[in-house]
Amino acid sequence: MATIVGRLGGPRFVATLLARIECNAFTITDEDAGVLGLGLFLGAVTANHSCDPNCHQVFEDSSAGPPPLRLRALRPIALGEELTIGYINISTTREYRQETLKSRYGFKCTCSRCSSLEEQWRETQILAWACPRKGCMGACVEEYQGAALFRAWRATKDGKIPESFNKQTRARVCTACGVRLEVKDVQKRLADLEKADAHEREFKRLLEQRGNGKADTVRAAFMEADKACDIYARCLVPHISLCRSEFLTRLVEECVQLEEFGFISKYGILSSAGFEAISPRHSPAPAYLYAQLGKALLNVEEPGQALTYLCKAIRRLEVSHGLDHPYVREVKELLVEAQQWTGRKK
């Protein structure tokens, strides 16, 4: 190894070269978004990052050699407008995106999405708790943060986010009806959320035992998952909660590996609204979940629901991947099957 490093120019040169590859390489994927390796593409590497990018990188099918990379526009781009892509998973919170970009690429993102008070208010709702008042669909946010951020958002939608908005308080207040969660209520709900974490850990433990020949471990595992889902539904904003959606998405991934199509449709439908709420408007990320949902719903003989999700997947994929991409063709075949099946059932 020392001889090879010496021939390449020494440890310092090799470290610099590896760092440049780490920062500039693209993850090469197949038509199902499976990872194949890394590649350097001199044209695409000049595109900067945005958490609301106007382009998406796609690897096209190529039997003659390495798959070529193409940048596809996600929305109309003005003359002279910079082309941007997402360096990381952008279907998550501003805090997570900033930490990831800083640690991996060494910069703080100042794109329109990260700087928008409207977006910050939207994320506050996604991270909020459910209102305890029966029938209220409002979101309980930290009292200081919610009131100050809402006033600033109403005053100017394009301003910078003051650091003072990050101040923490224990009390929470509903943005719809004004009901206040006192400290004791907050502590009780935090304890409930810890129970949900415990159920999720037990779910993972039981799935790990599945390979040891123990009976009914999968069924017991999904019973634990249901208990966690019930707590999240009671404590968090049901339809758009990021925490609940991320948990449900992880459940869907496990179900795909187990080929438990009934559970895929169950958890996938619950997670879809929250996953779409945290994703940028033109992002193709929700399309993969919609396609999985459509396939699972066909397997459990629910062609009507399958048709709904497959149509949503196609609308995004045709923009982000193009009409001739292998994955789009595969989803279109499922769409045609759902259409034919729906016609037969009528």
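Computed from a prediction, not measured in an experiment: that's the story for all the values here.

**Student:** Explain the overall build of the chain here, please?
**Tutor:** A count of helices and strands for the chain gives 13 helices and ten strands. Per-residue burial over the chain gives 44% buried out of 346 residues. As displayed, the chain has an accessible area near 19400 Å², and 52% of this comes from carbon and sulfur atoms.

**Student:** What is the right way to look at a nonpolar patch on the surface in this model?
**Tutor:** Together, Phe13, Leu17, Leu18, Ile21, Leu38 and Leu40 give the surface a local cluster of nonpolar side chains, amounting to about 570 Å² of exposed area. Ranked by residue count, the leading element in the nonpolar patch is helix H2 (residues 11-24), at four residues. Tracing the chain through its elements places Leu18 in helix H2. Under the relative-accessibility criterion, Leu18 is labelled exposed at 52%.

**Student:** Please explain the confidence of the model for the chain as it appears in this structure.
**Tutor:** Any residue range with low pLDDT should be treated as having predicted coordinates unsuitable for detailed reading. The predicted model of the chain averages 81 in pLDDT, with 83% of residues at 70 or higher. Across the chain, the secondary-structure element scoring lowest on mean pLDDT is helix H6 (residues 143-155), at 55, and the one scoring highest is strand S6 (residues 84-85), at 94. Throughout residues 165-169 the model reports pLDDT below 50, and contacts reaching past four residues in sequence, or to other chains, amount to eleven contacts.

**Student:** I'm lost on unusual backbone geometry in this one. Help?
**Tutor:** The residue Glu259 is not glycine, and still its phi comes out positive at about 55°. Relative to the assigned elements, Glu259 resides in the loop between helix H9 (242-258) and helix H10 (261-278). Even without glycine at this site, Glu301 takes up a positive phi of about 60°. Here Glu301 is to be found in the loop between helix H11 (285-299) and helix H12 (303-320).

**Student:** It is not clear to me how the pattern of salt bridges should be interpreted in this structure. Could you clarify?
**Tutor:** Two side chains of opposite charge can pair, provided their charged atoms sit close to one another. If you walk through the whole model with that rule in mind, you get twelve salt bridges. Among the salt bridges present, the one from Lys227 reaches Glu224, with a minimum N-O distance of 3.8 Å. Of this pair, Lys227 and Glu224 both sit in helix H8 (residues 217-235), three residues apart, which is roughly one turn of the helix. On the basis of relative accessible area, Lys227 is assigned to the partly exposed category, the value being 39%. Of the charged contacts in the structure, one is a salt bridge between Lys312 and Glu276, with a shortest N-O distance of 3.9 Å. Note that Lys312 is positioned in helix H12 and Glu276 in helix H10, a separation of 36 residues in sequence. Taking relative accessible area as the criterion, Glu276 reaches 30% and is therefore assigned partly exposed.

**Student:** Just checking my understanding: could you explain the pairing of strand S8 (residues 139-142) for this structure?
**Tutor:** Each regular strand displays side chains that alternate between the two surfaces of the sheet. With two bridges joining them, strand S7 (residues 129-130) and S8 adopt antiparallel strand pairing. Residue Trp129 lies in a different strand from S8, and its bridge partner there is Cys140. Alignment of S8 against strand S9 (residues 172-174), held across three bridges, turns out to be antiparallel. By the bridge assignment for S9, Cys140 is matched with Cys174.

**Student:** Just checking my understanding: could you explain the packing of helix H7 (residues 183-208) against H8 for this structure?
**Tutor:** How two helices sit against one another is set out by the angle between their axes and by the gap between those axes. Where H7 meets H8, the axes come as close as 8 Å, and the angle between the chain directions of the two elements is 160°. Between H7 and H8, the angle is such that the two are roughly antiparallel. Remark: the crossing between H7 and H8 carries left-handed chirality. Taken together, the residues of H8 that come into contact with H7 (itself represented by Arg189, Asp192, Leu193, Lys195, Ala196, Asp197, His199, Glu200, Glu202, Phe203, Leu206 and Leu207) are Thr217, Ala220, Ala221, Phe222, Glu224, Ala225, Lys227, Ala228, Ile231, Tyr232, Arg234 and Cys235. Looking at the contact of H7 with H8, its residues break down into 13 nonpolar, two polar and nine charged.

**Student:** Would you explain the side chain of Arg97 in this entry?
**Tutor:** Its location among the elements puts Arg97 in helix H3 (residues 94-105). Within the structure, Arg97 has its side chain in polar contact with the side chain of Glu123 (distance 3.3 Å). Here Arg97 is in contact with Cys51, Ile88, Asn89, Ile90, Thr92, Arg113, Cys114 and Glu123, once residues within four sequence places are set aside.

**Student:** I keep staring at the sheet that holds S8 and nothing clicks. Help me out?
**Tutor:** Consider a sheet: its strands pair through backbone hydrogen bonds, and that pairing is either parallel or antiparallel. Strand order in the open sheet formed by four strands is S7-S8-S9-S10, with antiparallel pairing between adjacent strands. Edge positions in the sheet fall to S7 and strand S10 (180-181), since each has one partner strand and no second.

Rules used throughout
Residues numbered from 1 in each chain as written. Predicted model: local features only at pLDDT ≥ 70, side-chain atom pairs only at ≥ 80, totals over all residues. Heavy atoms only, no water. Helix = DSSP H or I, 4+ residues; strand = E, 2+ residues; numbered from the N terminus. Buried < 20%, exposed > 50% of the residue type's maximum accessible area, 1.4 Å probe, protein only. Areas by Shrake-Rupley, 256 points an atom, 1.4 Å probe, with all protein chains shown as cover. Patch = residues over 30% accessible without salt bridge, like charges linked within 9 Å, V, L, I, M, F, W, Y side chains within 5 Å. Salt bridge = Lys/Arg side-chain N within 4 Å of Asp/Glu carboxyl O. pLDDT = per-residue confidence, 0-100. Contact = heavy atoms within 4.5 Å. Pairing = 2+ DSSP bridges. Axes fitted to C-alpha atoms, helices over the stretch in contact; angles between N-to-C directions. Parallel < 35°, antiparallel > 145°, perpendicular 65-115°, else oblique. Left-handed = near helix turned anticlockwise from the far one by under 90°. Nonpolar A, V, L, I, M, F, W, Y, C, P; charged D, E, K, R; others polar. Polar contact = N/O pair within 3.5 Å; in protein donor to acceptor, adjacent residues only side chain to side chain.

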